[in-house]
Amino acid sequence: MTAAATSPTTTSSTPTSSPTTAVRIGATATLLGSLAFISTVAAGGDLSARESFLLPVGIVGSAIATAGLAVLIWCLPAFLVGVPRWVAAMVGAALAFTLALTWFDATAIVGIASTTTDPVFDDIGSSAGVSALFVPKSVLGLVAFAALAISGHRAGTLGRAGAALIGLGAVVYLLPPYPPGLVLVSIGLLVAARRGGQGSH
């Protein structure tokens, strides 16, 4: 057995088809959901921010991303072979805070947008309280995914391409909106899952 497999501070088993398949499903959902949300920027045209948040494609996209994040939080600990447990825990926390935002976009913000005017909605969106909601996701995302890119590459779990995409995603995660960073992380996980499914670990 390798040191990574026996260390109490790292994951302890080779990924099986079950977590690998789950990662593929979860990452595909987060990727598609994020792209759907991003499409509202183009589809919105001359719509206000409030009206853009009411577009069905964005609402459905956020709901799909929420489901995908839930799957990833559940399956990633078993998939991240050789990655320190604290890194896996931080990744889970970053994804959990992202899930809170996607769920908010799919539910609460729709209710707010449906019952306010454009000026009121803009005031709420630019308030310090709402801005603070993005801080945990951004900070945890930067630290967690940067650490995952490094440790995952060293452990052979991610591969060079997957690690590079997730590392870039860590930086982009600093942006308040969730989709840009989540798109890169999702693609990185899909690349890693494909590599794992080919038995490259």
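Residues numbered from 1 in each chain as written. Predicted model: local features only at pLDDT ≥ 70, side-chain atom pairs only at ≥ 80, totals over all residues. Heavy atoms only, no water.

## Regarding the packing of aromatic side chains
Note the following rule: Working definition: rings of Phe, Tyr and Trp (its six-membered ring) pair if their centres are within 6.5 Å, and the pair is stacked with planes under 30 degrees apart, edge-to-face with planes over 60 apart, and tilted otherwise. For helices the rule is a DSSP run of H or I covering at least 4 residues; for strands it is a run of E covering at least 2, with both sets numbered from the N terminus onward. With a 1.4 Å probe rolled over the protein chains alone, any residue whose accessible area is under 20% of its type maximum counts as buried; one over 50% counts as exposed, and the rest are partly exposed. Geometrically, a charge over a ring is one whose NZ (Lys) or CZ (Arg) sits within 6 Å of the ring centre while staying within 35 degrees of the ring normal.
Counted according to the given criterion, the structure contains 4 aromatic pairs. Ring centres of phenylalanine 145 and tyrosine 173 lie 5.0 Å apart, and the angle between their planes is 55°; on these two criteria the pair is classed as tilted. You can see phenylalanine 145 sitting in helix H9 (residues 134–155) and its partner tyrosine 173 sitting in the loop between helix H10 (159–172) and helix H11 (179–197), a full 28 residues away along the chain. Taking relative accessible area as the criterion, tyrosine 173 reaches 1% and is therefore assigned buried. One residue, lysine 137, lies across the ring of tyrosine 173, its end atom 5.1 Å from the ring centre.

## Comments concerning a nonpolar patch on the surface
To keep things clear, this is the line we draw: Candidate patch residues must exceed 30% relative accessible area and have no salt bridge, after which like charges are joined if within 9 Å and Val, Leu, Ile, Met, Phe, Trp or Tyr side chains if within 5 Å. Using a 1.4 Å probe, accessible areas were evaluated by the Shrake-Rupley method; residue-level cover was limited to the displayed protein chains. Put simply, a salt bridge is a Lys or Arg side-chain nitrogen that is within 4 Å of an Asp or Glu carboxyl oxygen.
A cluster of nonpolar side chains, Leu32, Leu35, Ile38, Val60 and Ile64, forms an exposed patch at the surface whose accessible area comes to about 410 Å². Looking at the element boundaries, isoleucine 38 is found in helix H2 (residues 17–44).

## Considerations on the packing of H9 against H10
Basically, it comes down to this: Helix axes are fitted only over the stretch in contact, all axes being lines through C-alpha atoms; the angle between N-to-C directions runs from 0 to 180 degrees. Throughout this description, any angle smaller than 35 degrees is read as roughly parallel, any larger than 145 degrees as roughly antiparallel, any in the 65 to 115 degree range as roughly perpendicular, and the remainder as oblique. Should the near helix be turned anticlockwise from the far one by less than a right angle, the crossing is termed left-handed; should it be turned clockwise, right-handed. What makes two residues a contact is simply this: any of their non-hydrogen atoms within 4.5 Å.
Here H9 crosses H10 at 165°, and the two axes come no closer than 8 Å. As judged from the angle between their axes, H9 and H10 are roughly antiparallel. Crossing angle aside, the handedness with which H9 passes H10 is left-handed. On H10, the residues touching Gly141, Leu142, Phe145, Ala146, Leu148, Ala149 and His153 of H9 are Gly159, Arg160, Ala163, Ile166, Gly167, Ala170 and Val171.

## Regarding the side chain of serine 151
Defined as follows: Contacts described as polar in this section are N or O atom pairs within 3.5 Å, which, within protein, must combine one atom able to donate a hydrogen with one able to accept it, while residues neighboring in sequence count only if both atoms come from side chains.
As for its position among the elements, serine 151 is in helix H9. Judged by relative accessible area, which is 12%, serine 151 ranks as buried. For serine 151, the side chain forms a polar contact with the main-chain oxygen of alanine 147, separated by 2.7 Å. Setting aside anything within four residues of it in sequence, one finds serine 151 in contact with Val83, Pro84 and Val87.

## Looking at the confidence of the model for the protein chain
For clarity, the threshold we go by: The predictor reports its confidence for every residue as pLDDT, a score running from 0 up to 100.
Chain-level statistics for the protein chain give a pLDDT mean of 88 and a share of 88% at 70 or above. Considering only residues more than four positions removed or in separate chains, one finds that residues 1–7, a stretch of pLDDT under 50, has 6 contacts. Scored below 50 in pLDDT, residues 197–201 shows 7 contacts in the model against residues more than four places distant or in partner chains.

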